[in-house]
Amino acid sequence: MSLPLLLTMGDPVGIGPEIIVRAHAAGALQEAIIVGDPAVLARAQAACGMPAADLPVWVPPDLQVDGLATLPWGQVDARAGAAAASCIIAATREVLAGRARALVTAPIHKEALAAAGLGVPGHTELLQSLASEQAGRPLPVRMMLANDELRVVLVTIHMALRRAIEALDTPGILETIVITHEALQRFGIAAPRIAVAGLNPHAGEGGLFGDEEIRLIMPAIEAACARGIDARGPFAPDTVFMRARDTPARPGEFDAVVAMTHDHGLIPVKYLGVEQGVNLTLGLPLVRTSPDHGTAFDIAGRGLADPASLLAALRMARRLAPG
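Residues numbered from 1 in each chain as written. Predicted model: local features only at pLDDT ≥ 70, side-chain atom pairs only at ≥ 80, totals over all residues. Heavy atoms only, no water.

As recorded in an unreviewed UniProt entry, the protein goes by 4-hydroxythreonine-4-phosphate dehydrogenase PdxA and comes from Ideonella aquatica.

This is the structure in structure tokens:
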């Protein structure tokens, strides 16, 4: 028998449990096993107006389930953050141990994770910590957001914009380009074409609007090219994503765009449709995908959550880690 996918339930008071039960009702879980609390998932079924049905659920030994299914919907709670983290940690260790073939994660809430005292801001950093612990060395990872038309990889992620700009350096940009190149090759693209977006308006306009392109970004591109990587740029960030967008009417010029900061890179992908976006963590010794939206506390518990992005994440996990 093929190894299963593991699907973590996400924050128990967000929409994660709802999109999971909707995916199950649509027959999309197939061989996937949910990592979480059966009572939380049963509450999600009730919220969605679904009859109670057996779900393929594994409850991790360290998951504290007492009272989870009675927490108020849509409110930051340390107990919810701790439960979400327990599921992620247990599922990741199962995949790293070779007992599952890929990890799909439902959305978590960063404030709840912080309230639980995890000390990491999100999924990406937690997964990096767990994989590095197993490898016995720090593993550099990057966030990719992808849909059928566009792939974007970020140099910096969850930090204040001022700090993100200060954190940019040539080694980090080069590392991002290399990780992107290697990941695209694993995805089946033999000779990836990587566009590198600038940081400043018009990519700095020759230094008139900022010199990060000259001081930091161009040297990284040159170093990547010296390694045989097809990296180009830096391009103006307000146009490069359109050039990379791949559609039946207009093939994209690039296979991925490397963006310097979180919102620079993610706004274009999400504008094309949150329901089709998938979050991938590159650089890990495992396949991890996730919906590209958050916990949507404003609609949690109302049965309104759309599972489309989760369905896309499941499809991509199966494509990248076939059974």
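Caption draft 1: Representation of the overall build of the protein in the model. A tally of regular secondary structure across the protein gives 11 helices and 11 strands. Relative to its length of 323 residues, the protein is compact, with a C-alpha radius of gyration of 20 Å against a globular reference of 20 Å. For the C-alpha atoms alone, the extent of the protein along its principal axes is close to 60 × 40 × 40 Å. When the 323 residues of the protein are sorted by exposure, 54% land in the buried category. Sequence separation of at least 24 residues holds for 73% of the intrachain contacts in the protein that already meet a minimum separation of 6. In the form shown here, the protein has an accessible surface area of approximately 13,800 Å², with 54% of it arising from carbon and sulfur atoms. One finds the centroid of the 26 positive side-chain charges in the protein at a distance of 3 Å from the centroid of its 33 negative side-chain charges. (Helix = DSSP H or I, 4+ residues; strand = E, 2+ residues; numbered from the N terminus. Rg over C-alpha atoms; globule rule 2.2 N^0.38 Å. Buried < 20%, exposed > 50% of the residue type's maximum accessible area, 1.4 Å probe, protein only. Contact = heavy atoms within 4.5 Å. Areas by Shrake-Rupley, 256 points an atom, 1.4 Å probe, with all protein chains shown as cover. Lys, Arg positive; Asp, Glu negative; His and termini not counted. Charge placed at Lys NZ, Arg CZ, Asp CG, Glu CD.)

Caption draft 2: Expanded view of the packing of aromatic side chains. Counted by the stated rule, this structure contains 1 aromatic pair. Centroid distance Phe 235 to Phe 254: 5.4 Å. Interplanar angle 40°. Geometry classified as tilted. Here Phe 254 lies in the loop between α9 (240-244) and β9 (256-259) and Phe 235 lies in strand β8 (residues 230-235), a separation of 19 residues in the sequence. In this pair, the class of Phe 235 matches that of Phe 254, namely buried. In this arrangement the basic side chain of Arg 43 is found over the ring face of Trp 73, its NZ or CZ atom lying 4.0 Å from the centre. The side chain of Arg 243 reaches across the aromatic face of Phe 235, ending 4.6 Å from its centre. (Phe/Tyr/Trp six-rings, centres within 6.5 Å; stacked < 30°, edge-to-face > 60°. Lys NZ or Arg CZ within 6 Å of the ring centre and 35° of its normal.)

Caption draft 3: Fine view of helix α5 (residues 123-135). End to end, α5 covers 18 Å across 13 residues, agreeing with the expected 18 Å (1.5 Å per residue, within 8%). Residues of α5 that are buried include every one of His 123, Thr 124, Glu 125, Leu 126, Leu 127, Leu 130, Ala 131 and Ser 132, and no others. Its buried side turned inward, α5 meets α3 (78-96), β4 (102-105), β5 (142-146), β10 (278-282) and β11 (288-291). Of the residues trailing α5, Gly 136 is marked for its positive phi of about 75°. (Expected span 1.5 Å × (residues − 1).)

Caption draft 4: Fine view of the environment of Val 95. Position of Val 95 relative to the elements: it lies in helix α3. On the basis of relative accessible area, Val 95 is assigned to the buried category, the value being 8%. Residues Val 95 and Ala 84, 11 residues apart in the sequence, show an inter-C-alpha distance of 17 Å. Apart from the residues lying within four places of it in its own chain, the contact partners of Val 95 are Leu 6, Ala 100, Arg 101, Ala 102, Leu 103 and Leu 286.

Caption draft 5: Inspection of the sheet that holds β10 at higher detail. Strand order in the open sheet made by the 11 strands is β3-β2-β1-β4-β11-β10-β5-β6-β9-β7-β8, with mixed pairing throughout. In this open sheet, the two strands that pair with only one neighbour each are β3 (57-58) and β8. Bridge analysis of β5 against strand β6 (residues 151-154) gives 3 bridges, and the strand direction is antiparallel. The residue bridging Met 144 from the neighbouring strand is Val 153, located in β6. (Pairing = 2+ DSSP bridges.)

Caption draft 6: Structural detail: the state of the cysteines. Scanning the entire structure with this criterion turns up 0 disulfides. Of the cysteine sulfurs around Cys 87, a residue in no disulfide, the closest is that of Cys 48, at 18 Å. (Disulfide = S-S within 2.5 Å.)

Caption draft 7: Region of interest: the pattern of salt bridges. The full count for this structure, using the stated rule, is 12 salt bridges. For the salt bridge of Asp 230 with Arg 232, the shortest nitrogen-to-oxygen distance reads 2.9 Å. With a closest N to O distance of 2.9 Å, Arg 243 and Glu 253 form a salt bridge. A residue pair is termed long-range when its members are at least 10 positions apart, and Arg 243 in helix α9 and Glu 253 in the loop between α9 and β9 qualify at 10 residues. The exposure class of Arg 243 is partly exposed, given its relative accessible area of 28%. Owing to a relative accessible area of 29%, Glu 253 belongs among the partly exposed residues under this scheme. Salt bridges sharing partners connect three or more residues here, namely Glu 31, Arg 101 and Arg 318. (Salt bridge = Lys/Arg side-chain N within 4 Å of Asp/Glu carboxyl O.)

Caption draft 8: The arrangement of the packing of α3 against α5 in detail. Where α3 contacts α5, the two axes come as close as 10 Å, and the packing angle between them is 45°. With respect to each other, α3 and α5 are oriented oblique. Handedness of the α3/α5 crossing: right-handed. Two secondary-structure elements touch here, α3 through Ile 88, Ile 89, Thr 92, Arg 93 and Leu 96 and α5 through His 123, Leu 126, Leu 127, Leu 130, Ala 131, Glu 133 and Gln 134. For the contact of α3 with α5, a count of residues per class yields 7 nonpolar, 3 polar and 2 charged. (Axes fitted to C-alpha atoms, helices over the stretch in contact; angles between N-to-C directions. Parallel < 35°, antiparallel > 145°, perpendicular 65-115°, else oblique. Left-handed = near helix turned anticlockwise from the far one by under 90°. Nonpolar A, V, L, I, M, F, W, Y, C, P; charged D, E, K, R; others polar.)

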